[in-house]
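# Results of the structural survey
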Amino acid sequence: MTGDLERNAKEQERIGLEVEALQEQLHALQHNHTVLVNMQQALGGANPAAEADTATVPSLPHQTSAEPKQNKPKKAAATSAKKTTSKKPAAKAPSAKASTEATKPTLVDLIRGHLEQESEPRSAAEISAALTQAHPDRSVKTTVVRTTLEGLVAKSHAHRTKQGSSVFYTTTATSKPAAAEPQQEAVAG
């Protein structure tokens, strides 16, 4: 019985961490969606489909948080409600959102910037530690950084290498001088 309780508690903790990581990813996606809608509105192309998407987005965290019966998802549902309310004023005032955007870059932007500054491959833990040190006002979790990095790899914005049991990430070269480096490694290797 004790063993089952321990396994249950560990499983709850593991799933709770996954839910947190997914909620942070969802928050980033919602933020990106809001920015894109604001940019579209600023360019003068209001699209009813984008407004319909915005209305359906908040229901997703609610559905996710309704499944596990823990205290954490309830908090997540409350934060989802806060996110929804903060999105509506942002859609009405794109200039206010643009100034907020300039002061607080997305996690994806922070990770890309960090990888571009580094000349050597970095692990998710190293990147997380560096971002936490550089941005103490933000909560940067290693699991979220790892998931974000995997998303960048999937979009070919980052490169993943495995050394033993460790996984390291580098940025993909977009400029001409940086593009020469992978070719040199291929010749040397």
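Residues numbered from 1 in each chain as written. Predicted model: local features only at pLDDT ≥ 70, side-chain atom pairs only at ≥ 80, totals over all residues. Heavy atoms only, no water.

## Some thoughts on the overall build of the chain
Each helix and strand in the chain was counted, giving nine helices and two strands. Tracing the chain from N to C terminus, the helices and strands come up as α-α-α-α-α-α-α-α-β-β-α. The proportion of buried residues among the 189 residues of the chain is 25%. Accessible surface computed for the chain: about 12,700 Å², of which carbon and sulfur atoms make up 57%. (Helix = DSSP H or I, 4+ residues; strand = E, 2+ residues; numbered from the N terminus. Buried < 20%, exposed > 50% of the residue type's maximum accessible area, 1.4 Å probe, protein only. Areas by Shrake-Rupley, 256 points an atom, 1.4 Å probe, with all protein chains shown as cover.)

## Here we look at the pairing of strand 1 (residues 158-163)
Consecutive side chains along a regular strand alternate between the two faces of the sheet. In terms of strand pairing, strand 1 meets strand 2 (residues 166-171) through six bridges, oriented antiparallel. If you follow Lys162 over to strand 2, its bridge partner there is Val167. Counting the residues in the hairpin turn of strand 1 and strand 2 gives two residues, including Gly164, whose phi is positive at 70°. (Pairing = 2+ DSSP bridges.)

## Here we look at the side chain of Ser128
Position of Ser128 among the secondary structure elements: in helix 7 (residues 124-134). The residues touching Ser128, leaving out its near neighbours within four places in the chain, are Val140, Lys141, Thr142 and Val145. (Contact = heavy atoms within 4.5 Å.)

## Focus on unusual backbone geometry
Notably, Ser156 is not glycine yet its phi reads approximately 65°, a positive angle. Within the element layout of this structure, Ser156 appears in the loop between helix 8 (142-154) and strand 1. By relative accessible area, Ser156 is classed as exposed at 53%.

## Re the packing of helix 7 against helix 8
Direction vectors running N to C along helix 7 and helix 8 enclose 115°, while the axes themselves pass 9 Å from each other. As helix 7 packs across helix 8, the resulting crossing turns out to be right-handed. Within the contact between the two elements, helix 7 uses Ala124, Ala125, Ile127 and Ser128 and helix 8 uses Thr142, Val145, Arg146 and Leu149. Grouping the amino acids of the contact of helix 7 with helix 8 by side-chain chemistry returns five nonpolar, two polar and one charged. (Axes fitted to C-alpha atoms, helices over the stretch in contact; angles between N-to-C directions. Left-handed = near helix turned anticlockwise from the far one by under 90°. Nonpolar A, V, L, I, M, F, W, Y, C, P; charged D, E, K, R; others polar.)

## Things to note about the confidence of the model for the chain
Low pLDDT means the predicted atomic positions in that stretch should not be read closely. Of all residues in the chain, 60% attain a pLDDT of 70 or more, and the chain-wide mean is 74. Counting contacts from residues 85-93, a segment whose pLDDT is below 50, to residues more than four positions away or on other chains yields ten contacts. A low-confidence stretch, residues 175-189 stays under pLDDT 50, and its non-local contacts, those more than four residues away or across chains, total two contacts. (pLDDT = per-residue confidence, 0-100.)

## A short note on helix 8
With 13 residues, helix 8 extends 18 Å between its outermost C-alpha atoms, agreeing within 8% with the 18 Å of an ideal straight helix rising 1.5 Å per residue. Within helix 8, the full set of buried residues consists of Val144, Val145, Thr148, Leu149, Leu152 and Val153. Tucked into the core, helix 8 has its buried residues touching helix 1 (2-42), helix 6 (107-117), helix 7, strand 1 and strand 2. The first or second residue beyond helix 8 is Ser156, which carries a positive phi of 65°. (Expected span 1.5 Å × (residues − 1).)

## So, the packing of helix 6 against helix 8
Two elements in contact, helix 6 and helix 8, have axes separated by 10 Å at closest approach and are oriented at 75°. In terms of their interaxial angle, helix 6 and helix 8 are classed as roughly perpendicular. Contact residues: Leu107, Val108, Ile111, Arg112 and Leu115 in helix 6; Val144, Val145, Thr148, Leu149 and Leu152 in helix 8. Among the residues forming the contact of helix 6 with helix 8, the class breakdown is eight nonpolar, one polar and one charged. (Parallel < 35°, antiparallel > 145°, perpendicular 65-115°, else oblique.)

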